[in-house]
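Spelled out, the chains give:
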Amino acid sequence: MSLVESRLTLTVSYVLLGLFAFIALFPIALLVLNSLKPAAEIVQNPLGLPGPIRWQNFVNAWNHAKFSKTFVNSLVVSGTTIVLVCSTSSLTAYVLARKKIKSWKIFTFYLLATTTAPIQLYIFPLYFGFAKLGLINNIFGVALIYTALYSPFAVMLLRTYFIAVPKELEEAAIVDGATSWQVFWRVMLPIVSPGILTVALIIGLNSWNEFLIATTFLQKQENVTAVIAFYLLSGQYSSDWGEIMAAALIIVVPVVLLFVFMQKRFIEGMAGGSVKG
Amino acid sequence: MANVTIDKARKAYGPVEVLHGVSVDIRDGEFVVLVGPSGCGKSTLLRMIAGLENITGGTIGIGGRVVNDLAPKQRDISMVFQNYALYPHMTVAENMAFSLTLAGAPKAEKQKRVAEAAEILGLTPLLERYPRQLSGGQRQRVAMGRSIVRKPQVFLFDEPLSNLDAKLRVAMRAEIKSLHRRLATTTIYVTHDQVEAMTMADRIVVMNGGHVEQVGRPLDLYDDPQSMFVAEFIGSPSMNLLKGRFDSAVGRPVFKTNDGIVLPLPGSVSKPSGTEAIYGIRPEYFTIAPAGSGIPARIVVVEPLGPETQVTATVGGQTVVAMFHERISMQPDEIIWLQLQADRVCLFDTAGRRMT
Ligand SMILES: Nc1ncnc2c1ncn2[C@@H]1O[C@H](COP(=O)(O)OP(=O)(O)O)[C@@H](O)[C@H]1O
Ligand SMILES: [Mg+2]
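Residues numbered from 1 in each chain as written. Chains lettered and ligands numbered in written order. Predicted model: local features only at pLDDT ≥ 70, side-chain atom pairs only at ≥ 80, totals over all residues. Heavy atoms only, no water.

It is worth spelling out the overall build of chain A at this point. Check the secondary structure of chain A and you find 13 helices and 0 strands. Each helix and strand of chain A, ordered N terminal to C terminal, gives the series α-α-α-α-α-α-α-α-α-α-α-α-α. For chain A, whose C-alpha radius of gyration is 23 Å, the value lies well above the compact-globule estimate of 19 Å for 277 residues. Looking at the 277 residues of chain A, the share that counts as buried comes to 40%. Of the contacts formed within chain A by residues at least 6 apart in sequence, a portion of 74% connects residues at least 24 apart. Split by element, the accessible area of chain A, about 15,500 Å² in all, is 73% carbon and sulfur. Taken together, the 18 basic and 11 acidic charged side chains of chain A have centroids lying 7 Å from each other. (Helix = DSSP H or I, 4+ residues; strand = E, 2+ residues; numbered from the N terminus. Rg over C-alpha atoms; globule rule 2.2 N^0.38 Å. Buried < 20%, exposed > 50% of the residue type's maximum accessible area, 1.4 Å probe, protein only. Contact = heavy atoms within 4.5 Å. Areas by Shrake-Rupley, 256 points an atom, 1.4 Å probe, with all protein chains shown as cover. Lys, Arg positive; Asp, Glu negative; His and termini not counted. Charge placed at Lys NZ, Arg CZ, Asp CG, Glu CD.)

Now the structure itself:
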C-alpha cells in the first residue's frame, strides 16, 4: 500500500471537506448578510446581497436587548461558573486520580448518572429550594447551578489528565521539599493546564448559551443573560429580523473570538493529557 | 555528609512483606550500590530511605539521626529517578532551582548555585531550555543537577541510566563516578545491572527476595561470594556451577560430578565422602591441558571476542563456560581438555550457602 494518497482520493476528500465547510458556514454567511439588511428586504430576498448596508440593526439590537447590561450578566455568570468549576473540579479530580479510592467505580457511576439525568427532572424542586433561599433573580445563584451541572464532566475529564502525570514528578517535588499544596499548585496544576483550559472553554460556552435554567431562575429584565435577551427580541418589538440577526451575531462574536485565539491549545487539550516528563 | 544506618528494616504492603529485615551500614562519603534482580526490593528500600514509603519495622538513620518519622524534606536527601521526573513546565534552570525556590532562597544565591552545578555538569548552554528540548543524556544530567544544587547529605539514585542507550550509559557511569569523587557525598545507587554495580561501587549490597545476600567490595564479592546467588549474579559470564559430591576414591579428596567426572579440590578441603555439594569455578580459571589429561569437555560453541575466546562446552551432562586468552580454532563436538586452578574453587552446600 502506498503511503502517498492517490490523486482521486485527494480530490474526493477535498470535495467532501468543501461540502462540509459549506454546510457549516452557509448559515453563518446568511446571518452576516441579513444582519445588514432592513427587515423588509430580508423577507423579499433572504439570499441576496444587502442593497444599502444598514448598520442601524446593530445599534437597535444593542439597545433593545440591553446588551450593555445583559452581556455583562452573561460574562459574570460564565466567568463565575468557570472559576468555580475549574477550582473545585481540579482539586476533586486530583484526589480521585491519586488516592486509591475503593469506591471510585461507584463514584464514577454517580457522576455519569448525574450527567445523564435531564434538567426537567429536578428543575422544579430546585426552583422552590432557591426561592426559599431567596436566590431567584440572582445571577450568582445561576452560576452555582451551572457549577453543579458541569462539575461531573469536568471532574471526569481532568481526572484523566492527572492520571497521565507520572507519579515520580510528585515524588520529586516532595523530595525537593514541596508541601502537598505546593505539589498541587506548582507542579500538577501547570502540567494539566491544557485540560483546565479545555474545561474552561467548554463550560464557558455551555453556560454562555444555556437557556432553560437561565429563563427559569432569572426573571427580572435587568438580570437576564444575553441569550435570553436575544430570545425576548422576537415578538417584543414585532420581530425585526435584521435586528435579530445582528443580535445573534453580537452574541456569537465573543465565543468565536475565544475559539480562534485558543484553538491551538484547545486542540492540544482535547488530544489528551499527553504529558512528557 | 552523613552516614546511613539501616537496621533490620522491614516493609510490608498489606499482608505481603517485601523486605524482611535489611541491615546495611553505609559510611560517610561512600558510594554504595544496591543490586539485585527485578522485584527484589531495591527501589522499596531506597524509597524508604528517601521517606517516600513508610517503614514497617526497624530503623533508618541518616547522620546519626533516626529518620523513620521525618518527612522527605527534613531528611536532607535528594533523589534521581529512572524517568528523570523533570518538571516539564520549567526551564532547566528552574528545574534545578526548584528546591531552593521552595525553601525561599534569595535569587542571587539560587543563580550562583545553579550556575555552579550547571558548570560541573556541562549544562550552562542549556539553562533556558525546557526538558522536552533535551536529549535523554541531557535530561539525565539535569536530574543530577537538581540533586547537586541542594547540597544534600545523601544522594539517592534509582536506576538512573536504564533509559539510556548502551554507549551513553557507559559515559554517564564514568561521569557519575567522577562527580562522586569530586563532591564526596554519600551516595546510594540502585541498579539491576551488575556491571554498573561492579564499576561504580565502593561497596555493593546484593539483594535477593527482600533479603541482603552479601555486602562487600566489588572484587571481594567476585572472588569470595558467600552464596550461590551472589556467585551467579556477579560476573559475566557467571560462575560455572557443577552438581556432584565429595569423593576420596583416588587417595586424595576430590569432587566427582554427577556424571562421574573428577575435579580437583583445594588442598585444605576435607569433607566426608558422599556429601552432596555444588562446585563453583569462574570461566577464566580454566586453562587448556594437553590432550588426554585433565577434564574432557565437548565443545558446544566457540565465540572469539577479540581479546579472549569464550568456549561453551559440556562436562558430562553439565554445561560450563570457559574464557581463554589465546585464540582457539576448534569445532563444535570436538573434545577440549581442560585444567583449572583448584585454589579458585568455591564450594556451596545444596542450600546454596558457601562451604569453604
Ligand atoms: N505499592 C506497592 N504495593 C504492593 N506491592 C509493591 C508496591 N511497590 C512494590 N511492591 C512489591 O515489592 C517488591 C519490590 O519492589 P521494588 O522495590 O520496586 O523492586 P526492585 O528491586 O525491582 O526495585 C515487588 O515484589 C513489588 O511487586
Ligand atoms: Mg526498581
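Further notes follow.
This paragraph deals with helix H1 (residues 7-34) of chain A. Between its first and last C-alpha atoms H1 of chain A spans 39 Å; for 28 residues at 1.5 Å apiece the expected length is 40 Å, and the two agree. When the local axis directions of H1 of chain A are compared, the greatest deviation, roughly 35 degrees, occurs at Leu25 of chain A, which is followed within four positions by the proline Pro27 of chain A. (Expected span 1.5 Å × (residues − 1). Bend = angle between axes of the 7 residues up to and from the residue.)

Residues and elements named next belong to chain B. Around ligand 1 lies a shell formed by Tyr13, Val18, Ser38, Gly39, Cys40, Gly41, Lys42, Ser43 and Thr44. A distance of 3.0 Å separates an oxygen atom of ligand 1 from a polar backbone atom of Gly41. Within the side chain of Ser43, a nitrogen or oxygen atom sits 2.6 Å from an oxygen atom of ligand 1. For ligand 1, whose unbound accessible area comes to 560 Å², protein coverage reaches 57%. Per-element accounting of the shell around ligand 1 gives the leading share, 3 residues, to helix H1 (residues 42-50). A class-by-class count of the residues in the shell around ligand 1 yields 3 nonpolar, 5 polar and 1 charged. (Near = heavy atom within 4 Å. Polar contact = N/O pair within 3.5 Å; in protein donor to acceptor, adjacent residues only side chain to side chain. Nonpolar A, V, L, I, M, F, W, Y, C, P; charged D, E, K, R; others polar.)

What follows is about the interface of chain B and chain A. The interface of chain B with chain A comprises 22 residues on the first partner and 20 residues on the second. The largest contributions to the chain B side of the interface with chain A come from Tyr87, His89 and Leu102 of chain B, which together make up 27% of the buried area. If you look at where chain B meets chain A, you find 2 salt bridges. Those elements giving two or more residues to the side of chain B that touches chain A turn out to be strand S6 (77-80), helix H2 (92-102) and helix H4 (136-149) of chain B. (Buried area = accessible area lost by both parts, 1.4 Å probe. Salt bridge = Lys/Arg side-chain N within 4 Å of Asp/Glu carboxyl O.)

All names here are of chain A. Turning to its location among the elements, Glu210 is positioned in the loop between helix H10 (193-209) and helix H11 (212-217). For the buried residue Glu210, which engages in no salt bridge, the nearest side chain bearing the opposite charge is Lys69, 17 Å off. A distance of 3.0 Å separates a polar side-chain atom of Glu210 from the backbone nitrogen of Ile213. Of the polar contacts made by the side chain of Glu210, one reaches the backbone nitrogen of Ala214; its length is 3.0 Å. Not counting residues within four places of it along the chain, the set of residues in contact with Glu210 comprises Ile119, Tyr146, Tyr150 and Val227.

Residue and element names in this part refer to chain B. With antiparallel pairing, the 5 strands of this open sheet are ordered in space as S13-S12-S11-S14-S20. Lying at the two open borders of the sheet, with one neighbouring strand each, are strand S13 (262-264) and strand S20 (346-348). Between one strand axis and the next, the sheet turns through 45 degrees on average, direction left out of account. Pairing of strand S11 (residues 240-247) with strand S14 (residues 276-281), which is carried by 6 bridges, proceeds in the antiparallel orientation. Bridge assignment links Gly244 to a residue of S14, and that residue is Ala277. (Pairing = 2+ DSSP bridges. Axes fitted to C-alpha atoms, helices over the stretch in contact; angles between N-to-C directions.)

The next subject is the nonpolar core. Membership of the largest hydrophobic core comes to 91 residues, with the highest contact counts inside it found for Phe162 of chain A together with Ile6, Leu156 and Ile188 of chain B. With 9 residues, the top contributor of residues to this core is helix H7 (residues 139-164) of chain A. When near neighbours in sequence (up to four residues on either side) are disregarded, Leu156 of chain B contacts Leu46, Ile49, Ala50, Ile77, Ser78, Met79, Val80 and Ile188 of chain B. Met172, Ile204, Leu221 and Phe233 of chain B belong to the second largest nonpolar core, which has 42 residues in total. (Core = buried A, V, L, I, M, F, W, Y, C linked by side-chain atoms within 4.5 Å.)

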